[in-house]
Amino acid sequence: MAQSIHDFHDDPRNAEIRIWINGALHHRDDAKISVFDSGFVLGDGVWEGLRVVRGHPLFLGAHLDRLYEGAKAIALDIGMSREALTDAIYETLAANAMDDGVHIRLMVTRGIKRTPYQDPRACIGQATVVILPEFKLAKPETLAAGLNLFTVHVRRGFPDVQDPKLNSHSKLNCITACIQAITAGADEALMLDPHGFVATCNSTHFFIVRQGEVWTSTGDYCLGGITRANVIQVCKEAGISVFEKNFSLTQVYGADEAFCTGTFAGVVPVKAVDGREITGSLPGPMVQRLQSLYKDLVQRDVAQTSQVQAARLSAQGARA
């Protein structure tokens, strides 16, 4: 039975969450956006997914880098400094008494339009900024069973059509890929680049293991994944040969192991691709090692972020 890497067990605490919208906190039942909002009308905006561990959003600096770079690329003024947005994230976590097992969807749109039309000049007022936190963890059974991937005909496109580096609200390319994979009975879509090489999955990044080496795509046709970059980093730190390169489906089918990466679930083994079983025992030895190395990196980031946040709060107190 098909499963999603983003599946989670419902948490009753989510019924009472408070969501941050443009400086105010709203109960989830009252958290609303206008039908004239650019995000609703056109998918005009950028977003980030953040996982929270011990009260801190993981790798927040890298996520904010990507958010602000994407906003600049589409000439969207977020209207908040990184520091103010960071404070708003922590304020939202505190208001919901959230510490662990939390996922945040941080969304920024171009704001409200005076008429539903694509021209950015039709916008009136400021950007819409939403911080939506939930108590949410990836299902352990999904991580244990591994993912079944299906290669779809929907390709990752050239950057002069819609740059895959943009983490935009416009995700129809990925959604149509996901629909095709689901229809085929798979969990996630494996997407090729315009040249026929493996690019990425519809909502995660894809890696294979061959003869002790870890391979992933060149990155030319996929989002600059935070977890993807972190896995590459821990490979290099541990002396594991890792390559960003072109490779074909034939090399995927013959791989010793395969896995996907993403903010929500971390490092997740892949059991099969297009009906070809990659590995019988999950997780494989390399995936198991990388899961451990990634967990260590998470703990290092939490420790570092704790120090940075303490220093920020101390400086704010001194200014007050």
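Only a predicted model underlies this, so the values are computations on that prediction, with no experimental measurement involved.

Cut-offs and rules
- Residues numbered from 1 in each chain as written.
- Predicted model: local features only at pLDDT ≥ 70, side-chain atom pairs only at ≥ 80, totals over all residues.
- Heavy atoms only, no water.
- Helix = DSSP H or I, 4+ residues; strand = E, 2+ residues; numbered from the N terminus.
- Contact = heavy atoms within 4.5 Å.
- Buried < 20%, exposed > 50% of the residue type's maximum accessible area, 1.4 Å probe, protein only.
- Lys, Arg positive; Asp, Glu negative; His and termini not counted.
- Salt bridge = Lys/Arg side-chain N within 4 Å of Asp/Glu carboxyl O.
- 1 Å grid on protein atoms, 1.4 Å probe; cavity = no way out; pocket = protein on both sides within 12 Å on 5 of 7 lines; lining within 4 Å.
- Points joined across faces, edges and corners; volume = space filled by probe spheres on them.
- Phe/Tyr/Trp six-rings, centres within 6.5 Å; stacked < 30°, edge-to-face > 60°.
- Pairing = 2+ DSSP bridges.
- Axes fitted to C-alpha atoms, helices over the stretch in contact; angles between N-to-C directions.
- Nonpolar A, V, L, I, M, F, W, Y, C, P; charged D, E, K, R; others polar.
- Expected span 1.5 Å × (residues − 1).
- Arc of directions from axis to C-beta.

**Points about the environment of Ile278**
Counting through the fold element by element, Ile278 comes out in the loop between strand 15 (276-277) and helix 9 (285-319). Here the alpha-carbon distance between Ile278 and Val242, two residues 36 residues apart in the chain, equals 19 Å. Those residues in contact with Ile278 that lie beyond four places of it in its chain are Val252, Tyr253, Ala255, Asp256, Glu257, Ala258, Val270, Lys271, Ala272 and Val273.

**Structural notes on the side chain of Asp301**
Secondary-structure assignment places Asp301 in helix 9. Here Asp301 sits buried without a salt bridge, and the closest side chain of opposite charge, Arg300, lies 8.6 Å off (N-O distance). If near-sequence neighbours (up to four positions away) are discounted, Asp301 is found in contact with Pro57, Leu58 and Phe59.

**Notes on the layout of surface pockets**
For the largest pocket, the calculated volume is near 890 Å³. Forming the boundary of the largest pocket are 41 residues, of which His6, Trp47, Asn202, Ser203 and Thr204 lie nearest the centre. For the lining of the largest pocket, the secondary-structure elements that each account for two or more residues are strand 3 (45-53), helix 2 (60-73), strand 5 (102-109), helix 6 (172-183), strand 9 (198-201), helix 7 (226-238) and strand 13 (257-262). No other element matches helix 6, which puts four residues into the lining of the largest pocket.

**Some thoughts on the packing of aromatic side chains**
Per the stated rule, a full pass over the model turns up four aromatic pairs. Consider the rings of Phe59 and Tyr294, whose centres lie 6.3 Å apart with planes at 35°: the pair is tilted. In this pair, Phe59 sits in the loop between strand 4 (56-57) and helix 2 while Tyr294 sits in helix 9, placing the two residues 235 residues apart along the sequence. In this pair, the class of Phe59 matches that of Tyr294, namely buried.

**Side note on the sheet that holds strand 3**
With respect to topology, six strands assemble into an open sheet ordered 2-1-6-5-3-4, the strand pairing being antiparallel. Only two strands of the sheet have a single neighbouring strand rather than two, namely strand 2 (24-27) and strand 4. Across eight bridges, the pairing between strand 3 and strand 5 is antiparallel. Among the inter-strand pairings, Arg51 is bridged to a residue of strand 5, identified as His103. Helix-sheet contacts for helix 3 (residues 82-95) involve strand 1 (18-21), strand 2, strand 3, strand 4, strand 5 and strand 6 (128-135), and the interaxial angle to strand 6 is about 35°.

**Quick look at empty space enclosed by the protein**
For the coordinates displayed, the defined rule picks out one cavity of 30 Å³ or more. The volume enclosed by the largest cavity comes to roughly 50 Å³. Along its surface, the largest cavity is lined by Leu50, Arg51, Leu58, Phe59, His63, Ile226, Thr227, Thr263 and Tyr294. When the residues that make up the lining of the largest cavity are grouped by side-chain class, the tally is five nonpolar, three polar and one charged.

**Observations concerning helix 2**
Taking 1.5 Å per residue, 14 residues should reach 20 Å; helix 2 reaches 20 Å between its end C-alpha atoms and fits that length. All of the buried residues along helix 2 are Leu60, His63, Leu64, Arg66, Leu67, Gly70 and Ala71. All buried residues of helix 2 fall inside an arc of 160° around its axis, so they share one side. Among the exposed residues of helix 2, those oriented more than 90 degrees off its buried face are Glu69, Lys72 and Ala73. Buried residues in helix 2 make contact with strand 3, strand 4, helix 3, strand 5 and helix 7. Just beyond helix 2, the residue with positive phi is Ala75, at close to 55°.

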